[in-house]
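Below, each chain spelled out in residue letters.
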Amino acid sequence: MPRASAQNGNGVIQNVIAYIIRLHYLAFKTQLTAQGNRSMSIKSDRWIREMASTQGMIEPFEPGQVRYFNEEKVISYGTSSYGYDVRCASEFKIFTNVHTTNVVDPKNFDEGSFVSIDEPVCIIPPNSFALARTVEYFRIPKDVLTVCLGKSTYARCGIIVNVTPLEPEWEGHVTLEFSNTTPLPAKIYANEGVAQMLFYQSDEQCEVTYKQRGGKYMGQTGVTPPKA
C-alpha cells in the first residue's frame, strides 16, 4: 500500500475512535448534569468487590486483574481501580450480506444476516461487525448507571467495542458489538478482556427502573440480536 494511502487509512481510524470517545463523553456529561445539582459518583474497586460479594452484581467475578492464564499472556480482565474489565464469551454472530439482500432495518432485523459460531477466536471481515456477549452476568443496582468503554488494546487496532448503558435494575449477559473499521480481517479473542464497565451511583433514586418499566432486554442470556 502506498504510504499516502496508509496514512489516510490511519487518519480515518483515528477520527472514528475520537468521535466515539466524544460521544461517550457527551453521554456522561448529559447523565451527570441531567438532575441539576444532583451528582453521580464513580465507584471504586472496594465497592465493586463488595457488591459482587453481597449482591451478586457480577457473576462470575474476578476480584483482581488477570493478565496470565495457564502461563499464557491474555488481554487483561477483572477488577480495576474504578471499573471492571469484562471477558468476551465464545459465542459470536458475524454479520454478512451473503444470505440476504435486505437493508439493515433496526425495527425488522433479518437474523439471516448473521453467521453463528462458537470458537475460541472470531475473525471479523473488513468493514463489518460481529455480536458477542460477556462471560459475566450482571445485576445492576437500582441507583446505579453502568457505562462501557472498549479496551485500548482493541481500539489501537481499529476495532471498536460498543455497548449501550446498563440501566438501573437491568440484569443479564451484556451483548457486545465489535466493529472492524480496518480494510483487513480482525481477530477477537474469547475468554479474554474486551471492555471496561464503569459504575456511577446517583444520590437520588430514579422514579422508574429498567426492570419496573419492563425493558425488552431484561434478563437476556446469550447473544441477543436487536428487538423492535
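Heads up: these notes are all about the structure in this document. Since we're looking at a predicted model, the values are computed, not measured.

In total, this model carries six salt bridges according to the counting rule given. For arginine 87, the salt bridge is made with glutamate 136, and the minimal N-O distance between the two is 3.3 Å. Taken together, the positions of arginine 87 in strand 5 (residues 83-87) and glutamate 136 in strand 9 (residues 129-139) put the pair 49 residues apart, joining distant regions of the chain. We note a salt bridge from glutamate 91 to arginine 133, for which the minimum N-O separation is 3.0 Å. Of this pair, glutamate 91 sits in strand 6 (residues 91-95) while arginine 133 sits in strand 9, and the two are 42 residues apart along the sequence. Assessed through its relative accessible area of 26%, glutamate 91 is described here as partly exposed. In this structure arginine 133 comes out as buried when scored by relative accessible area, which is 13%.

Within strand 9, nine of the eleven residues are buried, which leaves the element mostly enclosed by the surrounding structure. Pairing of strand 2 (residues 58-59) with strand 9 involves two bridges; the strand directions are antiparallel. Residue pairing in the sheet places glutamate 59 in a bridge with tyrosine 137 of strand 9. The sheet contact formed by strand 6 and strand 9 spans two bridges and is antiparallel. Within strand 9, the position partnered with lysine 93 by the bridge is leucine 131. Sheet topology places strand 9 next to strand 12 (residues 171-180); eight bridges connect them, and they run antiparallel. Within strand 12, the position partnered with phenylalanine 138 by the bridge is glycine 172.

Rules used in this analysis
Residues numbered from 1 in each chain as written. Predicted model: local features only at pLDDT ≥ 70, side-chain atom pairs only at ≥ 80, totals over all residues. Heavy atoms only, no water. Salt bridge = Lys/Arg side-chain N within 4 Å of Asp/Glu carboxyl O. Helix = DSSP H or I, 4+ residues; strand = E, 2+ residues; numbered from the N terminus. Buried < 20%, exposed > 50% of the residue type's maximum accessible area, 1.4 Å probe, protein only. Pairing = 2+ DSSP bridges.

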